[in-house]
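# Understanding the architecture of this molecule
Residue-level listing of the chains:
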Amino acid sequence: MSTKADLGDPGAADLTHVETWIFDLDETLYDRQSGVLSEMEGRIETYLMQQTGEDQPAVALLRENMRHQYGSTLAALLASGGADVEAYLAHVHDVPLDSLKPDLLLRAGLDRLPGRRLIHTNAPGFHAERVLEALGIADMFESVFHCAAADYVLKPHKEASDRMVAAYDLAPAVCAFFEDREANLAPAAALGMTAILVGDQAKTSTADFIRYRTPALAPFLLSARVRKEPIP
Ligand SMILES: [Mg+2]
């Protein structure tokens, strides 16, 4: 494949040190316009309305507090102890994925990356499988580190990144981590991974632990400078 980066484009990201490529799933591998995540957000609210008997505005506020205090609604439910987490996850992720189509550009971008490709998501494994199948890239990844695999320690908790590193015996200095949420990149960056912010937040983020920012993943992967020699 011929790209500008192959010709030494000085504007392209230098990822020639990277041997392991770690990707968040939702709104990193596909974009927000698909509506998948907003559909799930709606289902989180209906779940909380059923559980609490509160109306939508009250539940929206509750959720904002949960996310602020715990990082995610799932983390807050886990902390509360009483929730049926599997029922919650099944309810929230029971969404149509018709808007996700096989993404040939993304596939080509992933295909040129040397070394290991992994997913780290707070979502359950069954959701990751559906999304990767819909995008036509399920075969491009060695493994999905999902919420159950992390024993429900979730990003942006530092221990979530520590568990990922331990589970796959990773050397952070040669890992790149791609995420659409700035906060989720902080622990990975602190470990020494190269942090790359993808999507809408990339347009406004100023955090100094972010190494690269891009509104869209596929063009970034296609133009990045990557290692050409085989990884020993
Ligand atoms: Mg995401």
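If you're wondering where the values come from, they're calculated on a predicted model, not measured in any experiment. (Residues numbered from 1 in each chain as written. Predicted model: local features only at pLDDT ≥ 70, side-chain atom pairs only at ≥ 80, totals over all residues.)

Core analysis: the biggest nonpolar cluster contains 50 residues, and Leu29, Ala176 and Phe177 have the highest contact counts within it. Counting only domains with at least three residues in this core, you end up with domain 1 (5-33 + 101-226) and domain 2 (36-92). The contacts of Phe177, once residues within four sequence positions are left out, are Ile22, Leu185, Ala188, Met193, Ala195 and Ile196. (Core = buried A, V, L, I, M, F, W, Y, C linked by C-beta atoms within 7 Å. Buried ≥ 20, exposed ≤ 12 C-beta atoms within 10 Å, placed from the backbone. Domains from an automatic or database assignment. Contact = placed C-beta atoms within 7 Å.)

This paragraph deals with the packing of helix 2 (residues 56-70) against helix 3 (residues 73-80). For the pair helix 2 and helix 3, the least separation of the axes is 8 Å and the interaxial angle reads 80°. Comparing their axes, helix 3 and helix 2 come out roughly perpendicular. Of the residues in helix 3, those touching helix 2 at Arg63, Met66, Arg67, Gln69 and Tyr70 are Thr73, Ala75, Ala76 and Ala79. (Axes fitted to C-alpha atoms, helices over the stretch in contact; angles between N-to-C directions. Helix = DSSP H or I, 4+ residues; strand = E, 2+ residues; numbered from the N terminus. Parallel < 35°, antiparallel > 145°, perpendicular 65-115°, else oblique.)

Okay, the packing of helix 1 (residues 36-52) against helix 2 next. Contact geometry of helix 1 with helix 2 gives a least axis separation of 9 Å together with a crossing angle of 105°. Classed by the angle they form, the pair helix 1 and helix 2 counts as roughly perpendicular. Taking contact as the criterion, the partners of Ile44, Glu45, Leu48, Met49 and Thr52 in helix 1 are, on helix 2, Gln56, Val59, Ala60, Leu62 and Arg63.

Here we take up unusual backbone geometry. The omega torsion of the bond from Lys155 to Pro156 falls at 5°, within 30 degrees of zero and hence cis. Position of Pro156 among the secondary structure elements: in the loop between strand 4 (143-145) and helix 7 (158-168). With a phi close to 55°, Asp151 is a non-glycine residue in the positive phi region. Mapped onto the secondary structure, Asp151 falls in the loop between strand 4 and helix 7. On the basis of neighbour counts, which here come to 9 C-beta atoms within 10 Å, the residue Asp151 falls in the exposed class. For Asp169, which is not glycine, the phi torsion reads 50° and is therefore positive. With respect to the helices and strands, Asp169 occurs in the loop between helix 7 and strand 5 (175-179).

You can read the domains of the protein as domain 1 (5-33 + 101-226) and domain 2 (36-92). Placing the centre of domain 1 and that of domain 2 at their C-alpha centroids yields a distance of 25 Å. Taken together, the contact pairs 11 residues of domain 1 with eight residues of domain 2. In the side of domain 1 that touches domain 2, the residues fall into six nonpolar, two polar and three charged. (Nonpolar A, V, L, I, M, F, W, Y, C, P; charged D, E, K, R; others polar.)

What follows deals with the sheet that holds strand 3 (residues 116-120). Pairing is parallel across the open sheet formed by six strands, whose spatial order is 4-3-2-5-6-7. Only two strands of the sheet have a single neighbouring strand rather than two, namely strand 4 and strand 7 (212-214). Each strand of the sheet is rotated relative to its neighbour by a mean of 20°, with strand direction disregarded. Where strand 2 (residues 20-23) and strand 5 come together, four bridges link them in parallel fashion. Residue Thr20 lies in a different strand from strand 5, and its bridge partner there is Cys175. (Pairing = 2+ DSSP bridges.)

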